[in-house]
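Fold and contact review
Spelled out, the chains give:
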Amino acid sequence: MTDHLDDSLLHAYLDGALAPDERVGLEEHLNSCPACTEDLARARRLFLAIGGMSEESLGRDLTPAVLQALSRLPRWVPSLAIGELLGALGIGAALILGLGTSEIVDGLSASSERIATQLEVASRQLTSGWAEALERSRSFWSLSEIRLPDLGSAGIWATIAIAALILWFVGNGLVLGQVRRKVWR
Amino acid sequence: MNDGVAMLIAAPVVFGSLVALFSLLRVLFPVQVGSAKLAAIEMPGRSFALGTVNLLLLSVIVAALGALGGGGGGIFQLLALILVGLLVIALGFGLAGMSVLIGERLLPDSSLARQTAWGSATLVLASLTPFLGWFGLFPYLAILGLGGFLIGLFRRSPR
């Protein structure tokens, strides 16, 4: 316990919310501390004043007005933020294509190789166990070895894209339909 | 040795960037991030299913569009880039939602900023665990967050 009792402890005492041993300790302190006794008396007067206040009614029900105000909230605010993101994405994609995709892809691939090398070196220096795990992961699955299968014609890729698109629509429709039926009422 | 030094500098910067990104997403887009978190809590199975459907099938579509476009750009590669961008944005929101969820459970009585920062840091560090983090925890959280974000995005407003 500090030199003086804090307000929350005094309020808990007045509310009868203290444990018996806390109550005994607090009363012992009050017997020897005029400042805390004065604080307790002030808090008790405050409690009595609050308890003596009458309950005022608003006079009219504000619920319809609040609900109406909520329905008028600008719903475009979050969608505008997402819209801005999508717009920036489209502009960025167009810029990347305009600047030359092949140079960027080459640059990204060179950077990723450099980063992979640095990661390997640093990992070996930091902890031998980590480096060993990296080595094992390289033999387990090397991302650089992943290549798209050479299917020959563009028609096959177009078929795959369309099939995946249809599956995507169906899958999303099924799951989102279940979600809407389940919870958001 | 230079590589090692560069890596020692880069690693905390990348780590800090991810933590800052997730924290900023929560501040700027509280509705979307909160919806992702809520959906992941209330409907983890459906969130995971939706995330799996979108991640797998969009990846196939992107690969097919990339192959159609060849190496010379064009409309297919533009579409592929836009799809990749959308996927990355959705993953970012989903992971931000997951970091908020982790932070709230780790530090229930702390401030929002502290929860998000610690949640993000925990998510990033745990995802760096060899094998278990790379192939287990991170894909799980990413897919769950992605699905949660999409459910939150398309949910109907309460009446």
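Residues numbered from 1 in each chain as written. Chains lettered and ligands numbered in written order. Predicted model: local features only at pLDDT ≥ 70, side-chain atom pairs only at ≥ 80, totals over all residues. Heavy atoms only, no water.

1. A closer look at the overall build of chain A
When you go through chain A residue by residue, the secondary structure sums to eight helices and zero strands. Ordered by position from N to C terminus, the α and β elements of chain A give α-α-α-α-α-α-α-α. In chain A, which comprises 185 residues, the proportion classed as buried is 21%. Considering only intrachain contacts with a sequence separation of at least 6, the fraction spanning at least 24 residues in chain A is 42%. Counting every atom, chain A has about 13700 Å² of accessible surface; 62% of that belongs to carbon and sulfur. (Helix = DSSP H or I, 4+ residues; strand = E, 2+ residues; numbered from the N terminus. Buried < 20%, exposed > 50% of the residue type's maximum accessible area, 1.4 Å probe, protein only. Contact = heavy atoms within 4.5 Å. Areas by Shrake-Rupley, 256 points an atom, 1.4 Å probe, with all protein chains shown as cover.)

2. Quick look at the nonpolar core
With 38 residues, the main nonpolar core has Met-98 and Ile-151 of chain B as its most contacted residues. Listed by contribution, the elements that provide at least two residues to this core are helix H8 (154–182) of chain A together with helix H1 (2–28), helix H2 (30–42), helix H3 (44–69), helix H4 (75–106), helix H5 (112–127) and helix H6 (132–154) of chain B. When residues in this core are grouped by element, the largest group, ten residues, is from H4 of chain B. Counting residues in hydrophobic clusters, the runner-up holds ten residues, among them Leu-5, Leu-10, Tyr-13 and Cys-33 of chain A. (Core = buried A, V, L, I, M, F, W, Y, C linked by side-chain atoms within 4.5 Å.)

3. Points about the side chain of Gln-115 of chain B
All names here are of chain B. Here Gln-115 shows up in helix H5. By relative accessible area, Gln-115 is classed as buried at 5%. When near neighbours in sequence (up to four residues on either side) are disregarded, Gln-115 contacts Arg-26, Ser-99, Gly-103, Glu-104, Leu-107, Pro-108, Asp-109 and Ser-110.

4. Quick look at H6 of chain B
Look at H6 of chain B: 32 Å from first C-alpha to last across 23 residues, which is about the 33 Å you get at 1.5 Å a residue. Of all bends in H6 of chain B, the biggest is about 30 degrees, found at Phe-138 of chain B, and the proline Pro-139 of chain B comes one to four residues later. (Expected span 1.5 Å × (residues − 1). Bend = angle between axes of the 7 residues up to and from the residue.)

5. A look at the packing of aromatic side chains
Taken as a whole and judged by the stated rule, the model has seven aromatic pairs over all chains. Ring plane angle 70 degrees and centroid distance 5.1 Å describe the contact between Trp-168 of chain A and Phe-169 of chain A, whose orientation is recorded as edge-to-face. Judged by its relative accessible area of 21%, Trp-168 of chain A is partly exposed. With 6.2 Å between their ring centres and 85 degrees between their planes, Trp-134 of chain B and Phe-135 of chain B make a pair best called edge-to-face. Under the relative-accessibility criterion, Trp-134 of chain B is labelled partly exposed at 22%. The class of Phe-135 of chain B is partly exposed, set by a relative accessible area of 37%. In this structure an aromatic cluster arises from ring pairing among Phe-29, Phe-93 and Phe-149 of chain B. (Phe/Tyr/Trp six-rings, centres within 6.5 Å; stacked < 30°, edge-to-face > 60°.)

6. Focus: the packing of helix H1 (residues 7–15) of chain A against helix H3 (residues 34–51) of chain A
All names here are of chain A. Running from N to C, H1 and H3 cross one another at 55 degrees; their axes reach a closest spacing of 10 Å. Judged by the angle between their axes, H1 and H3 are oblique. For the pair H1 and H3, the crossing hand works out as right-handed. Counted together, Leu-10, His-11, Tyr-13, Leu-14 and Asp-15 of H1 and Cys-36, Asp-39, Leu-40, Ala-43, Arg-44 and Phe-47 of H3 form the full contact between these two elements. Split by residue class, the contact of H1 with H3 holds seven nonpolar, one polar and three charged. (Axes fitted to C-alpha atoms, helices over the stretch in contact; angles between N-to-C directions. Parallel < 35°, antiparallel > 145°, perpendicular 65-115°, else oblique. Left-handed = near helix turned anticlockwise from the far one by under 90°. Nonpolar A, V, L, I, M, F, W, Y, C, P; charged D, E, K, R; others polar.)

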